[in-house]
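One letter stands for each residue in the lines below.
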Amino acid sequence: MNRTASRPAVATISFTTRSKHFNYGAVLHGWAFQRVLARRECGSVVIDYLPRRLEGYSFKWPVLNALRGWRHPLLIPRRVAQWLVSTRANLRKMEKFKAFRRARLVCTPCAYTEKSLLSAQAIEGCAPSVFVCEADVIWKRHERVAFDRGFYLDFPAAEGKRKVAYAPSVAKEPFPPDEERRFAEYLRGFDAVSARERAGAEYMSRITGCEVP
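Trainee: Please clarify how unusual backbone geometry should be interpreted in this entry.
Mentor: The bulk of non-glycine residues show a negative phi, and the bulk of peptide bonds are trans. Of note in the backbone geometry, E41 takes a positive phi value of approximately 55° without being a glycine. In this structure E41 comes out as partly exposed when scored by relative accessible area, which is 47%. Residue L153 is not a glycine yet carries a positive backbone phi of 55°. Checked against the element boundaries, L153 lands in the loop between β5 (130-134) and β6 (162-166).

Put into structure tokens, the structure is as follows:
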């Protein structure tokens, strides 16, 4: 894709390259967004990001993840059976997703985790001046990881750069009061924020005092 002096380079981060299930919507949306930027002569790159909640998750052999259901042992046999039946289809999908990413997406040459983003002073292979949190449920509160710092652009390479949150999905009341203050602080660090649903927009507007479309 072209990069011009009159247009900033953009780095996007979302579930475009890694998600718990093969997410057609996330991949196609990431591809479409890059196409839109390219038509405006704005170069972009997708940060190949592995969220903290998915570290240790087996994308190739999801049957292994059934062992994580130890807290609900009665579910383990059913999950194992489901994944064994769908293993061949899962492998075919995985290869198709990889081929699509190689052919259609401009991604960072290396993958990042939250830890590696926090230790890197720059994104390898590019120097973006704008970082975009691109849609999807990146701000959904997880029971183990309330705040994934990668998805809030809270890492050195994004410091001093323009930050945009492009239509993430946020529940009406996603955070308990003690975490809500931190969430609002993160939001105020963005230059522009929008929401996918009206309820999410109203919630973010209320806790920040700023209009969120």
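From this point, the discussion proceeds with the structure in view.
Trainee: Explain the layout of surface pockets here, please?
Mentor: Once rolled over the atoms, a probe with the size of a water molecule shows which space is left empty. Estimated volume of the second largest pocket: approximately 440 Å³. Taken together, 26 residues line the second largest pocket, and the ones lying closest to its centre are S19, H21, F22, F59 and F97. Top contributing element to the lining of the second largest pocket by residue count: helix α3 (residues 87-104), with seven residues. Residue composition of the lining of the second largest pocket, grouped by class: twelve nonpolar, eight polar and six charged.

Trainee: Honestly, the packing of aromatic side chains in this entry has me stumped. Any pointers?
Mentor: Any aromatic ring pair is given by two values, namely how distant the centres are and how the planes are angled relative to each other. Under the criterion given, the structure shown has 17 aromatic pairs. When the centroid spacing of 5.3 Å and the interplanar angle of 75° are considered together, the rings of Y49 and F151 count as edge-to-face. Residue Y49 is found in strand β3 (residues 49-50), and its partner F151 is found in the loop between β5 and β6; the two are separated by 102 residues along the sequence. Like F151, Y49 is buried. Members of the aromatic cluster, connected to one another through ring pairs, are W139, F147, Y152, F175, F183, Y186, F190 and Y203.

Trainee: Please explain a positive patch on the surface as it appears in this structure.
Mentor: On the surface, R35, R39, R40 and R104 cluster together into a patch of positive charge. Locating R39 in the fold gives a position in helix α1 (residues 24-39).

Trainee: Help me understand the pairing of β6 in this model?
Mentor: On a regular strand, each side chain points to the face opposite its neighbour's, so the side chains alternate between the two faces of the sheet. Going residue by residue along β6, you find K163 and A165 tucked away on one face and R162, V164 and Y166 left uncovered on the opposite face. Sheet topology places β5 next to β6; five bridges connect them, and they run parallel. Within β6, the position partnered with F131 by the bridge is K163.

So, how was this worked out
Residues numbered from 1 in each chain as written. Predicted model: local features only at pLDDT ≥ 70, side-chain atom pairs only at ≥ 80, totals over all residues. Heavy atoms only, no water. Buried < 20%, exposed > 50% of the residue type's maximum accessible area, 1.4 Å probe, protein only. Helix = DSSP H or I, 4+ residues; strand = E, 2+ residues; numbered from the N terminus. 1 Å grid on protein atoms, 1.4 Å probe; cavity = no way out; pocket = protein on both sides within 12 Å on 5 of 7 lines; lining within 4 Å. Points joined across faces, edges and corners; volume = space filled by probe spheres on them. Nonpolar A, V, L, I, M, F, W, Y, C, P; charged D, E, K, R; others polar. Phe/Tyr/Trp six-rings, centres within 6.5 Å; stacked < 30°, edge-to-face > 60°. Patch = residues over 30% accessible without salt bridge, like charges linked within 9 Å, V, L, I, M, F, W, Y side chains within 5 Å. Areas by Shrake-Rupley, 256 points an atom, 1.4 Å probe, with all protein chains shown as cover. Salt bridge = Lys/Arg side-chain N within 4 Å of Asp/Glu carboxyl O. Lys, Arg positive; Asp, Glu negative; His and termini not counted. Charge placed at Lys NZ, Arg CZ, Asp CG, Glu CD. Pairing = 2+ DSSP bridges.

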